[in-house]
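Next come the chains, spelled out residue by residue.
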Amino acid sequence: MAKKCLTCGAEEVTDSLDKKLLQCSRCHKAKYCSVDCQKQDWKRHKDECGALKDAKLMQQVQKGAAQIDPDDMALVVRSPRITITRCRDPDGSVYTQRKVGDLRGMDSACWCTDVGTSPESMVAVFAFDPSHLDHVPKPADEFEMNSHKKQWEELPSEVISAFGVQLSIRVCDRLGALGLMFAEKPSDPPAPLSSAHGTDLRVTHFFLEGADARGLALPPPMPRGRFANKNPPNSAMAIFCGVGDCMAACAGSLSDLPRVTMGALRAAPFAPSSNASAGADDTTPMIAIALLVEKCNSVETPEQFEHAVTRGLLHGMHAEQKPEQAVSPYAEIAAREGFRKLLETTGTAEVPVVGLAHVPEPAA
């Protein structure tokens with residue numbers, strides 16, 4: 001059966017078409033003979049498109065799950081409120097999956113008003129030359145980005161020690177947005193995937209800006225999605241148990257992120273590591289991510305783990321329901337007052353600046 005444009009019915013190749021029909025870049029299913037026809041059909045196709053895309057992504061996830069060894073999956077918590085599992089991907093990355101059930105009876109208040117109030121907190125900066133992202137493979141589309149066959153790379157930072165947790169920040173180019181992830185270095189030996197004993201951390205991130213790198217910028221709007229015209233949430237919580245878990249964060253459009261010079265990062269109160277400074281002169285434009293890391297609690301039982309994970313989800317749920325409130329009150333104040341707000345919050349005098357763990361070689 002000949003393929004047809006969903007708007008005007010023009011068939012592929014015939015009807016004077018000398019090329020293949022265009023396809024929707026989101027669902028890869030709908031076909032059109034022109035951009036005009038696609039625009040005319042968008043109101044009808046919009047909901048269908050989202051459903052088709054979600055179905056294809058779910059197929060990718062299920063296909064990947066089918067190839068995971070049973071020893072690389074574990075049930076951590078199962079209750080009427082939430083089911084929490086962990087899985088280890090073929091590349092060694094560990095991810096926690098959460099299936100939310102009935103949350104009635106739980107403390108449902110968003111924790112965003114708690115940001116900046118923990119008695120145990122620290123600040124660190126991760127700086128990298130964004131041109132290094134050009135030297136590693138990138139996903140071509142959303143399906144490749146979510147595929148179990150990972151064809152793209154993340155650049156890891158040097159390790160930051162935070163309240164007994166060894167964290168590495170991973171960055172990548174996610175279709176024009178900065179992919180940002182906080183990855184735990186597994187303990188030695190690694191804790192079992194079913195572990196519910198760990199440290200509950202909240203990480204709030206900003207971007208340094210200004211000639212002296214003392215300004216703080218919130219993540220800019222994302223290139224697409226519900227935060228396309230609003231600042232995405234810049235705080236996230238996770239329990240790190242020594243298994244090598246990861247926590248993703250929103251970072252915004254790469255082209256809109258502020259840059260600061262390496263020279264500004266060499267001035268007090270910053271203390272760049274040798275890796276952060278390697279290959280960079282004082283004029284090199286860097287993306288510098290300032291992190292406020294707060295220890296919320298120590299988690300020792302499955303019940304505490306369940307409560308901490310559920311509470312960690314609340315801010316994301318709040319941000320989805322009310323995107324205009326995605327940024328915490330503390331982050332709004334810090335963005336106005338600048339880096340000194342983080343220094344006052346943590347009582348810090350000198351701030352470590354880490355760089356990439358390794359710099360990729362340019363493609364031949």
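Residues numbered from 1 in each chain as written. Predicted model: local features only at pLDDT ≥ 70, side-chain atom pairs only at ≥ 80, totals over all residues. Heavy atoms only, no water.

Peer 1: Just checking my understanding: could you explain the overall build of the protein chain for this structure?
Peer 2: Looking only at helices and strands, the protein chain features seven helices and 18 strands. Out of the 364 residues belonging to the protein chain, those deemed buried represent 48%. Across the protein chain, the fraction of contacts at a sequence separation of at least 24, relative to all contacts at a separation of at least 6, is 69%. Surface summary for the protein chain: the accessible area is close to 18,000 Å², and the carbon and sulfur share equals 50%. (Helix = DSSP H or I, 4+ residues; strand = E, 2+ residues; numbered from the N terminus. Buried < 20%, exposed > 50% of the residue type's maximum accessible area, 1.4 Å probe, protein only. Contact = heavy atoms within 4.5 Å. Areas by Shrake-Rupley, 256 points an atom, 1.4 Å probe, with all protein chains shown as cover.)

Peer 1: Sorry, what's going on with helix H7 (residues 339–346) here?
Peer 2: Because the α-helix completes a turn every 3.6 residues, residues three or four places apart line up on one side. Residues of H7 that are buried: Phe339, Lys341, Leu342, Leu343 and Thr346. Count one or two residues on from H7 and you reach glycine 347, which has phi positive near 65°.

Peer 1: In this structure, what is going on with the side chain of aspartate 200? I would like to understand it.
Peer 2: Note that aspartate 200 resides in strand S11 (residues 198–209). Buried and unpaired, aspartate 200 has no salt bridge, with arginine 311 as the nearest side chain of opposite charge at 6.0 Å. Beyond its immediate chain neighbours, meaning those up to four positions away, aspartate 200 contacts Met237, Ala238, Ile239, Glu294, Lys295, Cys296, Asn297, Val299 and Ala308. (Lys, Arg positive; Asp, Glu negative; His and termini not counted. Salt bridge = Lys/Arg side-chain N within 4 Å of Asp/Glu carboxyl O.)

Peer 1: Would you take a moment to explain the environment of leucine 342 for this structure?
Peer 2: Here leucine 342 lies in helix H7. By relative accessible area, which is 0% here, leucine 342 ends up buried. Between the C-alpha atoms of leucine 342 and leucine 292, which are 50 residues apart in sequence, the distance is 7.0 Å. Once residues lying within four places of it in the same chain are set aside, the contact partners of leucine 342 are Val123, Phe206, Leu216, Ala290, Leu292 and Tyr330.

Peer 1: In this structure, what is going on with the pairing of strand S10 (residues 177–184)? I would like to understand it.
Peer 2: The element S10 is extensively covered by neighbouring structure, given that eight of its eight residues are classed as buried. Relative to S10, strand S9 (residues 165–174) runs antiparallel, the two being bridged by eight bridges. When the bridges of S10 are listed, aspartate 173 appears paired with leucine 178. Here S9 folds back onto S10, and the loop between the two strands holds two residues, one of which, leucine 175, carries a positive phi near 55°. Pairing analysis gives four bridges linking S10 to strand S14 (residues 246–249), with the strands arranged antiparallel. (Pairing = 2+ DSSP bridges.)

Peer 1: I keep staring at the nonpolar core and nothing clicks. Help me out?
Peer 2: Nonpolar side chains in soluble globular proteins tend to end up buried together. Ranked by internal contacts, the top residues of the largest apolar core, which has 34 residues, are Phe128, Val171, Leu178 and Ile289. Counting residues per element, the ones that place at least two in this core are strand S6 (121–128), strand S8 (160–162), S9, S10, S11, strand S13 (235–240), S14 and strand S17 (285–299). The contact partners of phenylalanine 128, leaving out residues within four places of it in the chain, are Leu133, Val171, Leu178, Met286, Ile287, Ile289 and Leu356. Within the second largest apolar cluster, 32 residues are counted, among which are Met262, Ala276, Ala288 and Leu314. (Core = buried A, V, L, I, M, F, W, Y, C linked by side-chain atoms within 4.5 Å.)

Peer 1: Honestly, the sheet that holds strand S4 (residues 82–88) in this entry has me stumped. Any pointers?
Peer 2: Within a sheet, adjacent strands bond to each other through the backbone by hydrogen bonds, running parallel or antiparallel. What the three strands build is an open sheet, ordered S3-S4-S5; its pairing is antiparallel. Edge strands, defined here as strands with exactly one partner in the open sheet, are strand S3 (73–78) and strand S5 (94–100). Mean inter-strand twist for the sheet, computed between neighbouring axes without regard to direction, equals 20°. Relative to S5, S4 is paired through seven bridges, and the arrangement is antiparallel. Paired with threonine 83 across the strands is lysine 99, a residue of S5. The sheet contacts of helix H5 (residues 302–321) involve S3, S4 and S5, and relative to S4 the element is tilted by about 90°. (Axes fitted to C-alpha atoms, helices over the stretch in contact; angles between N-to-C directions.)

Peer 1: Got a minute to help me understand the packing of aromatic side chains in this structure?
Peer 2: Each pair of aromatic rings is reported with the distance of its centres and the angle of its planes. Per the counting criterion, the structure on display carries two aromatic pairs. Look at phenylalanine 126 and phenylalanine 128: their rings are 5.3 Å apart centre to centre, the planes differ by 20°, and that puts the pair in the stacked class. Classification of phenylalanine 126 by relative accessible area gives buried; the value is 0%. Both rings, one in phenylalanine 270 and one in phenylalanine 339, keep their centres 5.1 Å apart while their planes meet at 55°; by these two values the pair is tilted. With phenylalanine 270 in strand S16 (residues 270–272) and phenylalanine 339 in helix H7, the pair connects residues that are 69 residues apart, well separated along the chain. For the pair shown, phenylalanine 270 and phenylalanine 339 are each scored as buried. (Phe/Tyr/Trp six-rings, centres within 6.5 Å; stacked < 30°, edge-to-face > 60°.)

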